[in-house]
Structures are given as C-alpha cells and as structure tokens.
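Report on the structure
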Amino acid sequence: MIYGLDIGGTKIELTCFNGALRKLDSQRTATPVDDFQAFIDTLVNLIESADRQHGCQGVVGIGMPGVIDAEGHSLSANVPCATGRNVAETLAARLKRPVVVENDCRLFALSEAHGGAGAGYAHVYGAVLGTGAAGGLVLDGNLYRSRQGIAGEYGHHPLPASLREQYQLPLLDCGCGLSGCLEPYIAGPGLANLHRHLCGESLSAPELVERWRAGDKNAIATREIHMDLLGAAFANLVKAYDPDIIVLGGGLSCIEEIYRDLPQAIERHLFAGFHAPVIAPPKFGDASGARGAALLARQTMEF
Ligand SMILES: [Zn+2]
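Since the model is a prediction, treat every value here as computed from it, not as a measurement.

A count of helices and strands for the protein chain gives 10 helices and 12 strands. Scaling as 2.2 N^0.38, a compact globule of 303 residues should have a C-alpha radius of gyration of about 19 Å, and the protein chain matches this with 20 Å. For the protein chain, the spread of C-alpha atoms along the three principal axes comes to 60 × 40 × 35 Å. Every one of the 303 residues in the protein chain was classed for burial, and the buried ones make up 44%. Long-range pairs, those at least 24 residues apart, make up 64% of the contacts in the protein chain with a sequence separation of at least 6.

Remark: helix 1 (residues 36-54) packs on helix 2 (residues 87-95), axes separated minimally by 11 Å, with the N-to-C direction vectors making an angle of 50°. Here helix 1 is positioned oblique relative to helix 2, judged by the angle of their axes. Crossing handedness for the pair helix 1 and helix 2: right-handed. Of the residues in helix 2, those in contact with I40, L43, V44 and I47 of helix 1 are T90, L91, R94 and L95. Tallied by class, residues from the contact of helix 1 with helix 2 come to six nonpolar, one polar and one charged.

Looking now at the sheet that holds strand 8 (residues 123-129). Across the sheet, which stays open at both edges, the five strands sit in the order 10-9-8-11-12 with mixed pairing between neighbours. Edge positions in the open sheet fall to strand 10 (142-143) and strand 12 (278-280), since each of these has one partner strand only. Where strand 11 (residues 245-249) lies against strand 12, three bridges are found, and the strand directions are parallel. Among the inter-strand pairings, I245 is bridged to a residue of strand 12, identified as V278.

Further remarks concern the nonpolar core. Counting residues in hydrophobic clusters, the biggest one holds 80 residues, and the most contacted among them are Y3, L5, I62, A109, I186 and I246. If one sorts the elements of this core by residue count, helix 8 (residues 217-241) sits on top with nine residues. Taken domain by domain, the makeup of this core includes at least three residues from each of domain 1 (2-108 + 286-300) and domain 2 (119-282). Excluding anything up to four places from it in sequence, Y3 contacts L14, C16, I47, A50, G58, V59 and V60.

Here the focus is the environment of A113. Looking at the secondary structure, you find A113 in helix 3 (residues 104-113). Residue classification places A113 among the buried positions, given that 30 C-beta atoms sit within 10 Å. The spatial distance from the C-alpha of A113 to the C-alpha of L143 is 9.1 Å, given a sequence separation of 30 residues. Excluding residues within four positions of it along the chain, A113 makes contact with G118, V124, V138 and G141.

The subject of this paragraph is the sheet that holds strand 7 (residues 99-103). The five strands lie next to each other as 3-2-1-4-7, forming an open sheet whose pairing is mixed. Each edge of the open sheet is held by one strand with a lone partner, namely strand 3 (23-30) and strand 7. Strand-to-strand twist across the sheet, computed as the mean angle between neighbouring axes with direction ignored, equals 20°. Two elements, strand 1 (residues 2-7) and strand 4 (residues 59-64), share five bridges in a ladder whose sense is parallel. If you follow L5 over to strand 4, its bridge partner there is I62. With respect to the sheet, helix 1 is in contact with strand 1, strand 2 (11-17), strand 3 and strand 4, its orientation differing from that of strand 2 by roughly 25°.

Another point: the domain arrangement of the protein chain. The domain architecture assigned to the protein chain consists of domain 1 (2-108 + 286-300) and domain 2 (119-282). Of the residues lining the interface, 11 residues belong to domain 1; the matching set on domain 2 comes to 15 residues. For the side of domain 1 that touches domain 2, the secondary structure elements donating two or more residues are strand 5 (67-68), helix 3 and helix 10 (288-300). Top contributing element to the side of domain 1 that touches domain 2 by residue count: helix 3, with three residues. Class assignment of the residues belonging to the side of domain 1 that touches domain 2 gives a composition of seven nonpolar, two polar and two charged.

What follows deals with helix 3. Counted residue by residue, helix 3 has 10 buried out of 10 residues, so it is predominantly covered. Residues of helix 3 that are buried include every one of D104, C105, R106, L107, F108, A109, L110, S111, E112 and A113, and no others. Remark: G115 follows helix 3 within two positions and exhibits a positive phi of approximately 80°.

Moving on, we get to the pairing of strand 1. The two faces of the sheet receive side chains in turn, since in a regular strand these alternate between them. Most of strand 1 sits out of view: six of its six residues are buried. Burial along strand 1 is two-sided: the residues I2, G4 and D6 and Y3, L5 and I7 are all buried. The hairpin formed by strand 1 and strand 2 contains three residues between the paired strands.

With six of six residues buried, strand 4 lies mostly within the body of the structure. On strand 4, burial covers both faces: V59, G61 and G63 on one face and V60, I62 and M64 on the other are all buried. Where strand 4 lies against strand 7, five bridges are found, and the strand directions are parallel. From the neighbouring strand, G61 faces strand 7, where its bridge partner is V100.

About the thresholds
- Residues numbered from 1 in each chain as written.
- Predicted model: local features only at pLDDT ≥ 70, side-chain atom pairs only at ≥ 80, totals over all residues.
- Helix = DSSP H or I, 4+ residues; strand = E, 2+ residues; numbered from the N terminus.
- Rg over C-alpha atoms; globule rule 2.2 N^0.38 Å.
- Buried ≥ 20, exposed ≤ 12 C-beta atoms within 10 Å, placed from the backbone.
- Contact = placed C-beta atoms within 7 Å.
- Axes fitted to C-alpha atoms, helices over the stretch in contact; angles between N-to-C directions.
- Parallel < 35°, antiparallel > 145°, perpendicular 65-115°, else oblique.
- Left-handed = near helix turned anticlockwise from the far one by under 90°.
- Nonpolar A, V, L, I, M, F, W, Y, C, P; charged D, E, K, R; others polar.
- Pairing = 2+ DSSP bridges.
- Core = buried A, V, L, I, M, F, W, Y, C linked by C-beta atoms within 7 Å.
- Domains from an automatic or database assignment.

Shown next as structure tokens:
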C-alpha cells in the first residue's frame, strides 16, 4: 500500500494506491497552516487511520507547496508553519517509517512522465500554470531533485526587458520577494493583471477567455500579449533543458487556445531554425499531486 498525500493551503488529501498505482480510496481534512505541531498531528492521524483501514503500514509520499531542499527543509508561503522545518524527518520519527516529501509542482511533472501525457518521452518538463507558475524536470523517468530544491521555479525567471519595453508593462513585485518575475504576468492572476494594465478592466482569467472567444478585441489583445510572454517563459525552459515535451497543469492548462498558439510563441524567442517541444494538456491534472507523491515514494523506497 502506498499513501500519496497532497497538502494544499486549505486541505490535505491522502490517496491510497496499490503497488501498481491504482487508486483505491482517499480521505481529506483541513490543513492547519499556523501551528506546526497541529500540522504534524493531522498528518499522523490521517496516515494511522489509513493504516487501520487497510490493516498495514503504508509507504508515505508527500507533495506540498513550497521549496524543499535535499535535506528536507521547507520554505512554504502556503503552509507557513512548515517553513524552516523538516516535515519528512519529523513525520518519519513519529511514524517509525521513512517518509519522502517533495514540492507539488515537481511531483506533477513526475506523475505526467509516468503513464501520463509525457509517457514515452525521455525528457519531460511539467509546468503548472495556475495561481502560480512552477514545474519540474523528469529525465529518463527520474525527477531532477536539486541541492536546494529550487530548480523548477520557472515562474521566477525574470520577465525579459525587451518585452517589458515593447508592451510598456509595469514592474510588478512578486510574492517570492523579488520583482519583475514572470509569475505575476503569466500565471492565472497574471492574465488578469495584464488586462487590468492594458484596458483598465478587472476581469478574471475565465471571464477573459469567455470575452476573447466572443470576439472582444481588448480581450484578444491581452491574450496575444500573454501568449508572447508565455512563449518567452517557455523558450527559457527550452534554452536551459530542451525538453521533448512540456505538459501543462493548473487552471490555465484548460485553455485550448494555448496549445494552438504556444509553439509559435516559443519559437519567436528561440534562435532561427530551432523548434518548440510538444506542448500537451495533462492526463491526471489535479490528481497528480497525490499520484506523483506515491510514485516518488515507490521509486525512493525499496519494498
Ligand atoms: Zn518571484
């Protein structure tokens, strides 16, 4: 039995998988975000309740927002009580079994590379584009796990100066503490930020999509600028890793126009004659956090 836990800023979901990664059942509870002891107790209760239900000691893999370094220390804006703490070590001591913890966007990439949209490709980049923009790289089936855990934070690459100049964009502060990161321009709230700046209108990403599909010229202009910025962001990924496929996740991965327009937008920011990778929608979507955590546990722990 493998337990994949997907920890978010509001809820924790534990999904039980068998050894072949077939989902058996799941349970969820609210996330205590301000009290580390309560946070750990909640995880222990969920895991021990699953143990009782299945009559065994399940293997534990956890995905959570934030950056987790090679030693297991977290930096998490969504679960602030975990910042500076070692969730894997603390839980392993309580549960008396090994626990693996990784960033949820890196696990999205791992899940899509195994049996998902990236199956059959050697080098898979999974790029989540929702409230934030972060991802992970999977090389020949193995998630690239870096020393400080920061590799994959593509949303915090800087917005190119040429595009800021071309579209006369304001310099936006980013939630990470830096300014001029791509995330506040390209993620879901970024699409809304761009439209507000360009047209003075406050519309959510879904409202914008509805408008541009109805032929609204302002919404179409915002979409085209957003696509150019997204193309630049993904061209950075191509220049760093040249993946075979980029699998999109998060709320914006539902926008069909992205798959039509993004390859050309990426190529505008590459050297002449170089091509964009395949851009694909996810197979597992929101289920990838728990599934990726279970996969990493299965890969990391021999059993
Ligand atoms: Zn940033």
